[in-house]
Each structure stands twice: as structure tokens, then as C-alpha cells.
Amino acid sequence: QVQLVESGGGLVQAGGSLRLSCAASGRTFSNYAMGWFRQAPGKEREIVARISGGGGNTDYEDSAKGRLTISRDNAKNTVYLQMNSLKPEDTAVYYCAAVRLYTNSARGGRRVQDYDYWGQGTQVTVSS
């Protein structure tokens, strides 16, 4: 069982930056591939970025490339999402998610159903 708690959301002007954190409970955090999703009002939850358990394998959706960076510190049981050059369309609730995989070099999938554990979400609002 893994419990996830996000933090770091807030209100920021367009062009600004935020760093989201997701703290995980439990042991062997490196066995879990992690993902950051977001859900805007009236829209489905969508993947933003993914990272393998070991941290060496990452992937981004086109909307995030060049602006968002996913990383993790397994010693601290924490995954991060650094968000730069924020746009109003980035406004959403951001969720981290975890799935245990057989290898820590593989990423999780891109779908909501590919993950077993979810945080409660943190609101990011970007004003124009």
C-alpha cells in the first residue's frame, strides 16, 4: 500500500513557475513508476509526465515538453514536477499516481487505469 500526498500548487501569473511535490509513504519507493496527471474543470484527467522507478526513464506529453520536468528522489520518497513558463491552459488539479512494476527501468502507462495509487490533488491556477 502506498499513500501519496501532493503539495506545491497555488496561484501564479502566466510565465511563472511552480514546483509540485508528491510524498509517498511506505517502503521500496523505487519499485513504483510514477506519473503526474492533471484535470481541468469539465475535462477528463490526462497524463502530463511519467518517470520510471529508478528515475532514468521519463516521458512527457506534447503540452509539457520543454516546460515541465519530472524527477524523483528515492531517498526522500518524493517525486517532483517542475513547471516553468506556465500558461493559463495549465490551470487544473494536478495528481500524482503510482504503480508497482516488475522493473524500476520501466515507465507506467499513459492511462488513468494504468495506476493503482493516487494522491488527493493540488490546485494550480495560472492567471493571464
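Attention here is on the structure that accompanies the text. (Residues numbered from 1 in each chain as written. Predicted model: local features only at pLDDT ≥ 70, side-chain atom pairs only at ≥ 80, totals over all residues. Heavy atoms only, no water.)

Here's the deal with the pairing of strand S8 (residues 78–83)
Across the six residues that make up S8, a large majority, five, are buried. Sheet topology places strand S3 (residues 18–24) next to S8; six bridges connect them, and they run antiparallel. The residue bridging Leu 18 from the neighbouring strand is Met 83, located in S8. With six bridges joining them, strand S7 (residues 68–73) and S8 adopt antiparallel strand pairing. Across the sheet, Asp 73 pairs through a bridge with Thr 78, a residue of S8. What sits between the antiparallel neighbours S7 and S8 is a turn of four residues, in which Asn 77 has the positive phi angle 55 degrees. (Buried < 20%, exposed > 50% of the residue type's maximum accessible area, 1.4 Å probe, protein only. Helix = DSSP H or I, 4+ residues; strand = E, 2+ residues; numbered from the N terminus. Pairing = 2+ DSSP bridges.)

Considering the nonpolar core
Counting residues in hydrophobic clusters, the biggest one holds 30 residues, and the most contacted among them are Leu 4, Met 34, Trp 36, Leu 81, Met 83 and Tyr 94. Setting aside its immediate chain neighbours within four residues, Tyr 94 contacts Glu 6, Leu 20, Trp 36, Phe 37, Arg 38, Val 48, Leu 81, Met 83, Gly 121, Thr 122 and Val 124. By size, the runner-up hydrophobic cluster in this structure holds six residues, among which are Ala 33, Phe 37, Ile 47 and Ala 97. (Core = buried A, V, L, I, M, F, W, Y, C linked by side-chain atoms within 4.5 Å. Contact = heavy atoms within 4.5 Å.)

Details of the side chain of Asp 90
Tracing the backbone through its elements, the reader meets Asp 90 in the loop between S8 and strand S9 (92–100). Take Asp 90: its relative accessible area is 1%, and that puts it in the buried class.

Examining the pattern of salt bridges
Counted by the stated rule, this structure contains seven salt bridges. Between Asp 59 and Arg 50 there is a salt bridge; the shortest N-O distance is 2.6 Å. Taking relative accessible area as the criterion, Asp 59 reaches 22% and is therefore assigned partly exposed. Residue Arg 50 is classed as buried on the basis of its relative accessible area of 8%. Here Glu 61 makes a salt bridge to Arg 110, at a shortest N to O gap of 2.5 Å. Taken together, the positions of Glu 61 in the loop between strand S6 (58–60) and S7 and Arg 110 in the loop between S9 and strand S10 (117–118) put the pair 49 residues apart, joining distant regions of the chain. One salt-bridge network, in which partners are shared between bridges, spans Arg 38, Glu 46, Arg 67 and Asp 90. (Salt bridge = Lys/Arg side-chain N within 4 Å of Asp/Glu carboxyl O.)

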